[in-house]
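# Working through the structure, step by step
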Amino acid sequence: MRDRLNLSLPAELIGRINDIADRKRVTRSAVVEAAVESFLSPDHADMQEAALMRRLDRLSRQVARLERDQRITTETLALFVRFWLTITTPIAPEQQAAAQAKGRERFDGFIETLGKRVQKGRWFADEVVGDTGPETSQDFSKDQ
């Protein structure tokens, strides 16, 4: 069902409506109807804003996860250093050279292992999450 609506528009706007109607080969009513429909429905800017808000929300969640992971990493390192300093006994002066050589050897092995794991895309943190059980693993995967 259609209903009639009479309105007054500036002559310039009516000229633009006539031009568009002629170019598109439609009636002036169709042009005005499309313009009013566009005005009353969510426009492109609103859709872009909504998409941007969804993206910002996703980025906010990702940053929150990064912050959480960084806090866990920092706490893990701090606890390890505290534990290591607590249990490590001082080295006698005559054993210093051997201990330093062994330390370099262990560090080189550590760096080699780290390089291989990074190349393969394997992350220890993923293994730890997998080792904690299916319930915890699923909870972490919800955040990702």
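Scoring rules and cut-offs
- Residues numbered from 1 in each chain as written.
- Predicted model: local features only at pLDDT ≥ 70, side-chain atom pairs only at ≥ 80, totals over all residues.
- Heavy atoms only, no water.
- Patch = residues over 30% accessible without salt bridge, like charges linked within 9 Å, V, L, I, M, F, W, Y side chains within 5 Å.
- Areas by Shrake-Rupley, 256 points an atom, 1.4 Å probe, with all protein chains shown as cover.
- Salt bridge = Lys/Arg side-chain N within 4 Å of Asp/Glu carboxyl O.
- Helix = DSSP H or I, 4+ residues; strand = E, 2+ residues; numbered from the N terminus.
- UniProt positions renumbered as here; feature names shortened; annotations may be inferred.
- Buried < 20%, exposed > 50% of the residue type's maximum accessible area, 1.4 Å probe, protein only.
- Axes fitted to C-alpha atoms, helices over the stretch in contact; angles between N-to-C directions.
- Parallel < 35°, antiparallel > 145°, perpendicular 65-115°, else oblique.
- Contact = heavy atoms within 4.5 Å.
- Nonpolar A, V, L, I, M, F, W, Y, C, P; charged D, E, K, R; others polar.
- Lys, Arg positive; Asp, Glu negative; His and termini not counted.
- Charge placed at Lys NZ, Arg CZ, Asp CG, Glu CD.
- pLDDT = per-residue confidence, 0-100.

## Describing a nonpolar patch on the surface
A cluster of nonpolar side chains, Phe107, Phe110, Ile111, Leu114, Val118 and Trp123, forms an exposed patch at the surface whose accessible area comes to about 600 Å². Summarising the element assignment, tryptophan 123 is placed in the loop between helix H4 (96-120) and helix H5 (124-131).

## Thoughts on unusual backbone geometry
Located in the positive-phi region is arginine 25, a residue other than glycine, with phi close to 60°. Residue placement: arginine 25 occurs in the loop between helix H1 (11-24) and helix H2 (28-40).

## A short note on the UniProt feature "coiled-coil region" (unreviewed entry) in the protein chain
Under the UniProt annotation, "coiled-coil region" (unreviewed entry) lies at residues 49-76. In the segment residues 49-76, helix accounts for 100% and strand for 0%; the C-alpha atoms at its two ends are 40 Å apart.

## Focus on the pattern of salt bridges
A full pass over the atoms with the stated rule returns four salt bridges. A salt bridge links arginine 68 to aspartate 69; the shortest N-O distance between them is 2.8 Å. Residue aspartate 69 is classed as partly exposed on the basis of its relative accessible area of 35%. The shortest N-O distance in the salt bridge between glutamate 105 and lysine 102 comes to 3.5 Å.

## A look at the packing of H1 against H2
Contact geometry for H1 and H2: axes closest at 9 Å, N-to-C directions at 110°. Considering the angle they form, H1 stands roughly perpendicular to H2. Counting all contacts with H1, which are made through Ile14, Ile17, Asn18, Ile20 and Ala21, the residues of H2 involved are Arg28, Val31 and Val32. Residue composition of the contact of H1 with H2, by class: six nonpolar, one polar and one charged.

## Points about a positive patch on the surface
Side chains of Arg54, Arg55, Arg58 and Arg61 sit close together on the surface and give a patch of like positive charge. Along the chain, the position of arginine 61 falls in helix H3 (residues 44-87).

## Digging into the confidence of the model for the protein chain
With 89% of its residues at a pLDDT of at least 70, the protein chain reaches an overall mean of 85. Long-range and interchain partners of residues 136-144, a stretch whose pLDDT sits below 50, account for seven contacts in this model, where long-range means more than four residues apart.

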